[in-house]
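Examination of the molecular architecture
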Amino acid sequence: MGDNKLIALGKITSVFGIKGWVKVYSYTEPMGQILDYPEWILQLNGRRSVVRLNAGKVHGKGLIAHIKNCDDRDEALKYQGAEIYVESEQLPELEDGEFYWHELEGLRVVTLSGTNLGVVDHMMSAGTANDVLVVRGNDSAIDHEERLIPYLMDEVVKNVDLTSGEILVDWQPDY
């Protein structure tokens with residue numbers, strides 16, 4: 001494993017059947033995209049292991065996967081609760097102006113008038129057409145409030161600058 005940042009893609013929630021399959025909760029969009037990565041870095045109880053997938057599919061409203069050399073329920077139980085990661089370099093390149101959520105987390109959010117609203121704590125899918133920036137105020141911000149700002153490029157989000165670590169928004173502190 002290189003020095004690349006690890007990106008959480010999902011979690012193994014439970015075992016499925018008796019032949020070593022596991023149920024997977026995916027953070028990817030679409031959810032089945034997690035199966036596009038043949039190698040997962042699993043973290044459980046502070047320990048990491050690298051596993052290879054040899055099968056995976058949509059099952060009902062979720063996903064199931066089969067880890068290579070995991071051929072019975074007892075072996076699969078060892079993976080229950082594990083977080084699934086990949087190295088950031090494995091993620092596909094995005095178009096200009098597109099960003100992965102993990103790239104936005106920790107960036108400063110500043111209004112057009114120069115007011116510091118805080119930093120992006122995390123992103124949230126609102127189940128609608130747009131995602132939401134969850135911005136937490138801090139000591140260098142205008143206040144310690146939490147703000148939910150729609151991630152609408154051009155309309156609300158005017159610029160994302162990963163180099164300076166800043167997102168410029170057309171947003172008022174009292175919205």
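Shown above is the structure to which this text applies.
Right, let's walk through the structure included here. Only a predicted model underlies this, so the values are computations on that prediction, with no experimental measurement involved.

Let's talk about the pattern of salt bridges
The tally for this structure, following the rule as stated, stands at seven salt bridges. With its nearest N and O atoms 3.8 Å apart, the salt bridge here joins Lys11 to Glu83. Of the two residues, Lys11 is situated in strand 1 (residues 6-16) and Glu83 in strand 6 (residues 83-87); the sequence distance between them amounts to 72 residues. Look at the salt bridges and you will find they share partners, linking Asp121, Arg136 and Glu146 into a network.

Topic: the layout of surface pockets
What the largest pocket holds in volume is close to 940 Å³. As for the largest pocket, its lining consists of 26 residues, of which Tyr27, Thr28, Glu29, Tyr100 and Trp101 are closest to the centre. In terms of residue count, the dominant contributor to the lining of the largest pocket is strand 1 (four residues). Broken down by class, the residue content of the lining of the largest pocket amounts to 15 nonpolar, six polar and five charged.

Reading the values: the criteria
Residues numbered from 1 in each chain as written. Predicted model: local features only at pLDDT ≥ 70, side-chain atom pairs only at ≥ 80, totals over all residues. Heavy atoms only, no water. Salt bridge = Lys/Arg side-chain N within 4 Å of Asp/Glu carboxyl O. Helix = DSSP H or I, 4+ residues; strand = E, 2+ residues; numbered from the N terminus. 1 Å grid on protein atoms, 1.4 Å probe; cavity = no way out; pocket = protein on both sides within 12 Å on 5 of 7 lines; lining within 4 Å. Points joined across faces, edges and corners; volume = space filled by probe spheres on them. Nonpolar A, V, L, I, M, F, W, Y, C, P; charged D, E, K, R; others polar.

Keep in mind that these numbers describe shape and distance, not what the molecule does.
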